[in-house]
Amino acid sequence: METAMLSVENLTKTYQTVGGFWGHSRHPVTAVHEVSFSIRPGEALGLIGESGSGKSTLARLMIGLERPTRGRVFISGTDIGTLTRRTVRALRREVQIVFQNPYTALDPLMTIGASIEEPIIHFTVSSKAERQRQVSGLLHDVGLAERFSHAYPYQLSGGERQRACIARAIALRPKFLICDEVVSSLDKSVQVQVLDLLKNLKQQYGLTYLFISHDLAVVNYLCDRVAVMRRGEIVELGGRQEVLFHPSHPYTQALMAATSYFLKDISGETRRT
């Protein structure tokens, strides 16, 4: 039986909020509650839900940026909660995240080439010439010309910045990529280009995706399966066609109805929900 690329078991994250006039009272707020699912190698799983539903918290728990209150996360069968500092470093090579805002994800004082090269310097032993060759190849793979290596982030458009962020994320040849609202800040025409790029990279690099988005058309275009999150819980999980066009949970049905009577693919195809 094939090992899941990523699986979570009964994952829960509770925060203690401070309240009261003097700030002495504490109230628990559960952002993620008893979440369990898995993602197969080579699969793109879409995670949808309203703002504040716990999607981004779940993503941070998956890659070890936050520790769960309860539950476990497995990457390629390994419980990341048992990893030492040295083995966590190895995990960083296998799992990367691309954030929503490319404007803040890149250091404004570093050239694009230097930003892409940075993880290669920290995680590999290679010569300057070899690193430059890798940067050149990565720029090519994300559809940016060689000249962008010497440009600064402010000199790029939003779509070009996001391509640079993707190049940086795949620099170490990860197996699993979390995309957190990666096209939401881009124009529709640019969204299509970036989504096509992600599709191509999925095949070229053998990537597995967790794709977080509030845009159902984007999820419909890219993902194989869809998970619906509400108030920290996964309320529906299934194939893309099943969840988006024949939802069974009342919340998913309401979400679909509130979004649009028609679900339009990002490519322009319109389908009745």
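Structure: above.
All figures in this text were calculated on a predicted structure; none of them were measured in a lab.

### Details of the sheet that holds strand 7 (residues 176–180)
Here we have six strands laid out as an open sheet, ordered 6-7-8-3-9-10, and mixed in their pairing. A strand with exactly one partner marks an edge of an open sheet, and here the two such strands are strand 6 (95–98) and strand 10 (233–239). On average, each strand axis in the sheet is tilted by 15° relative to the strand beside it, whichever way the strands run. Bridge count between strand 7 and strand 8 (residues 208–212): five bridges; the pairing is parallel. Looking at the pairing, F176 lines up with T208 of strand 8. Strands strand 6 and strand 7 of the sheet are contacted by helix 2 (residues 85–94), whose axis makes an angle of about 55° with strand 6. Contacts from helix 6 (residues 158–169) reach strand 6 and strand 7, with the element oriented near 170° to strand 6.

### Overview of the side chain of R225
Within the secondary structure, R225 is located in strand 9 (residues 225–230). Assessed through its relative accessible area of 14%, R225 is described here as buried. At a separation of 2.6 Å, a polar atom in the side chain of R225 contacts the main-chain carbonyl oxygen of S38. If we skip the residues at most four places from it in the chain, R225 touches S38, I39, R40, E43, A44, L45, G46, L237, G238, G239 and R240.

### Notes on the pattern of salt bridges
In total, this model carries twelve salt bridges according to the counting rule given. One salt bridge connects E34 with R70, and the closest N-O pair in it is separated by 3.4 Å. A residue pair is termed long-range when its members are at least 10 positions apart, and E34 in strand 2 (residues 25–39) and R70 in strand 4 (residues 70–75) qualify at 36 residues. Here E34 falls in the partly exposed class, since its relative accessible area comes to 37%. Look at the salt bridges and you will find they share partners, linking E9, R72 and D79 into a network.

### Regarding the environment of V183
Relative to the helices and strands, V183 is located in the loop between strand 7 and helix 7 (188–205). Owing to a relative accessible area of 4%, V183 belongs among the buried residues under this scheme. C-alpha of V183 to C-alpha of Q193: the two residues are ten residues apart in sequence and 9.8 Å apart in space. Not counting residues up to four positions away in its chain, the partners in contact with V183 are Q191, V194, L195 and V218.

### Regarding the layout of surface pockets
Reported here for the largest pocket is a volume of approximately 450 Å³. If you trace the largest pocket, you find 18 residues lining it, with V95, Q96, I97, F99 and R168 closest to the centre. Of all the secondary structure elements, the ones that give two or more residues to the lining of the largest pocket are helix 2, strand 6, helix 4 (112–123) and helix 6. Here the lining of the largest pocket is composed, by residue class, of 13 nonpolar, two polar and three charged. Space inside the second largest pocket adds up to approximately 250 Å³. Considering the residues around the second largest pocket, the lining is formed by 16 residues, among which G64, E66, R67, I80 and G81 are closest to the centre. When residues of the lining of the second largest pocket are traced back to their parent elements, those giving at least two are strand 4 and helix 2. Of the residues that constitute the lining of the second largest pocket, the class distribution is eight nonpolar, three polar and five charged.

Reading the values: rules and limits
- Each chain has its residues counted from 1, running along the sequence as written.
- Side-chain atom pairs in this predicted model are given and counted only at pLDDT of 80 or more, local residue features only at pLDDT of at least 70, and totals for whole chains, interfaces and linings cover all residues.
- Heavy atoms from the whole structure form the basis of all side-chain values; hydrogens and water molecules are not counted.
- Between any two strands, pairing holds if DSSP finds at least two bridges.
- Each helix is a run of H or I in the DSSP string that is no shorter than four residues. Each strand is a run of E no shorter than two, and both are numbered from the N terminus.
- Comment: axis = line fitted to C-alpha atoms, over the contacting stretch for helices; angle = value between 0 and 180 degrees taken between N-to-C directions.
- In this description, contact between two residues means that some pair of their heavy atoms is separated by no more than 4.5 Å.
- Summary of the burial criterion: residues with accessible area below 20% of their type's maximum are buried, those above 50% are exposed, and those between are partly exposed, where the area comes from a 1.4 Å probe applied to protein chains only.
- Polar contact criterion, stated in full: a pair of N or O atoms within 3.5 Å, where within protein one must be able to donate a hydrogen and the other to accept it, and residues adjacent in sequence count only if both atoms are side-chain atoms.
- For salt bridges, the criterion is a side-chain nitrogen of Lys or Arg within 4 Å of an Asp or Glu carboxyl oxygen.
- Cavities and pockets were defined on a 1 Å grid built from protein atoms only: a cavity is a group of points that admits a 1.4 Å probe but offers it no way out, a pocket is an open group of points flanked by protein on both sides within 12 Å along at least five of seven lines, and a lining residue is one with an atom within 4 Å of any such point.
- Grid points are joined across faces, edges and corners, and a volume is the space filled by probe spheres set on the points.
- The nonpolar class holds Ala, Val, Leu, Ile, Met, Phe, Trp, Tyr, Cys and Pro. Asp, Glu, Lys and Arg form the charged class, and all remaining residues, Gly among them, are polar.

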